[in-house]
Amino acid sequence: MATSSPVHLDYNSFPLIALNCTTRKKLSLYLNPDVVTASNWTILAEEMGYTYQEIKNFERFPDPTSSLLADWREKNSKATVGELLNLLRKIERDDILTDVTPLIDRDCQKYLEKTKESSKPPPVQVETVDSSGGKCITTHDDPSGQLPEQFDAFICYCAQDISFVQEMIAKLEQTNYNLKLCVFDRDVLPGTCLWSITSELIENRCRKMVVVISDDYLDSNECDFQTKFALSLGPGARERRLIPVKYKPMKRQFPSILRFITVCDYTNPHIQAWFWDRLAKALKK
């Protein structure tokens, strides 16, 4: 029986979004450390054309490699898988190419299959749910996908803090502030991919993101992903994104990745009278 030869992949034809989380994390493990013996993410950023000031700005984030790749993808039409591999060769990181290329091959194959599958006409009797932001993500989405539902803020919270989220809804939506909040358990349709939908909402549907901080928040994988995803967005989006809210005393340490952002502190009795007004104005800014 004749065996089929492996398909040759033209990496330059694949956008950077084809690389999945596992592959990007692998790249971060190689490029984030600052070592003398090998080029790291800062050298890669220089080859991508970033300035010194821009590179220093990426240092603020817990995963600068992921932040760099996300920003490069957003700004550059040449941000393809092939160009990334060319840059890794240019900075002499053949060790990365050896280890990561099999993962990239797998990702590109899956992306190719997904692209082919998406080009097929959907069954007439089935209403599709597009997890990348096309249509029917939230309860009030336009089924045609022409007018996706938009929100003033995405609320990042864990299940144990739902009572405070309900108070937030009452104070910000059902008053003269008239804000529109995206509360996952209320607004997102069931049956869709958790990570894809969350990313779409944070990046494209919500102007800001409120992070409800508590001890339970620190144990939530969903909250961790949502916070880090928002922080990884490009500089133009980061400046208007996160508002941390601390609503009850904590026994554990406040998350270090949010320490550089001003906190809206409901636990301080001296400023509780101004709390909701400050938060509402921050969301409208």
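Because the structure is a prediction, the values reported are computed rather than measured. Along each chain, numbering runs from 1 in the same order as the chain's sequence is written. Local features in this predicted model are restricted to residues of pLDDT 70 or higher, and side-chain atom pairs are both shown and tallied only at a pLDDT of 80 or more, whereas totals for entire chains, interfaces and linings draw on every residue. By convention in this description, side-chain values take in all heavy atoms of the structure and omit both hydrogens and water.

A. Layout of helix 1 (residues 21-31). Note on classification: 1.4 Å probe, protein chains only; a residue is buried when its accessible area is under 20% of the maximum for its type, exposed when over 50%, partly exposed between these limits. Per the convention used, a helix needs a DSSP run of H or I reaching at least four residues, while a strand needs a run of E reaching at least two, with both numbered from the N terminus. Every buried residue of helix 1 is listed here: Thr 23, Leu 27, Ser 28 and Leu 31. Viewed along the axis of helix 1, the buried residues span an arc of 145°, placing them on a single side of the element. Residues of helix 1 that are exposed and point more than 90 degrees away from the buried face comprise Lys 25 and Leu 29. The definition of a polar contact used here is a pair of N or O atoms within 3.5 Å, where within protein one atom must be able to donate a hydrogen and the other to accept one, and adjacent residues in sequence count solely through side-chain atom pairs. By the N-cap criterion, in which a side-chain oxygen at the helix start approaches the backbone nitrogen of a residue two or three places on, helix 1 is capped by Asn 20, the distance to Thr 22 being 3.1 Å. Arc definition: directions from the helix axis to the C-beta atoms.

B. Molecular detail of the side chain of Arg 205. Within the secondary structure, Arg 205 sits in helix 9 (residues 194-205). Reaching out from Arg 205, the side chain makes a polar contact with the side chain of Asp 141 at a distance of 3.2 Å.

C. Here's a closer look at the pattern of salt bridges. By salt bridge we mean one thing: a side-chain nitrogen of Lys or Arg within 4 Å of a carboxyl oxygen of Asp or Glu. With the rule as written, the count across this model stands at 15 salt bridges. When the shortest N-O distance is used, the salt bridge between Glu 47 and Lys 90 registers 3.2 Å. Highlighted residues: Glu 47 in helix 2 (residues 41-48) and Lys 90 in helix 5 (residues 81-90), separated in sequence by 43 residues. Classification of Glu 47 by relative accessible area gives partly exposed; the value is 33%. Residue Arg 207 is joined to Asp 152 by a salt bridge in which the shortest nitrogen-to-oxygen separation is 3.6 Å. Separated by 55 residues along the polypeptide, Arg 207 in strand 3 (residues 206-213) and Asp 152 in strand 1 (residues 151-156) bring together distant segments of the chain. By relative accessible area, Arg 207 is classed as partly exposed at 31%. Members of the salt-bridge network, linked through shared partners, are Asp 141, Glu 200 and Arg 205.

D. Molecular detail of the nonpolar core. Residue types Ala, Val, Leu, Ile, Met, Phe, Trp, Tyr and Cys, when buried and joined through side-chain atoms within 4.5 Å, form a set referred to as a nonpolar core. Ile 155 and Leu 279 are the most contacted members of the largest nonpolar core, which has 51 residues in total. Ranked by the residues each element gives to this core, the list is headed by strand 3, at six residues. Those residues in contact with Leu 279, other than ones at most four positions away along the chain, are Leu 172, Val 210, Ile 243, Val 245 and Cys 264. In terms of nonpolar packing, the next biggest core, distinct from the first, is built from 30 residues, Leu 31, Leu 84, Leu 97 and Val 100 among them. It only takes one pair of heavy atoms within 4.5 Å for two residues to be counted as in contact.

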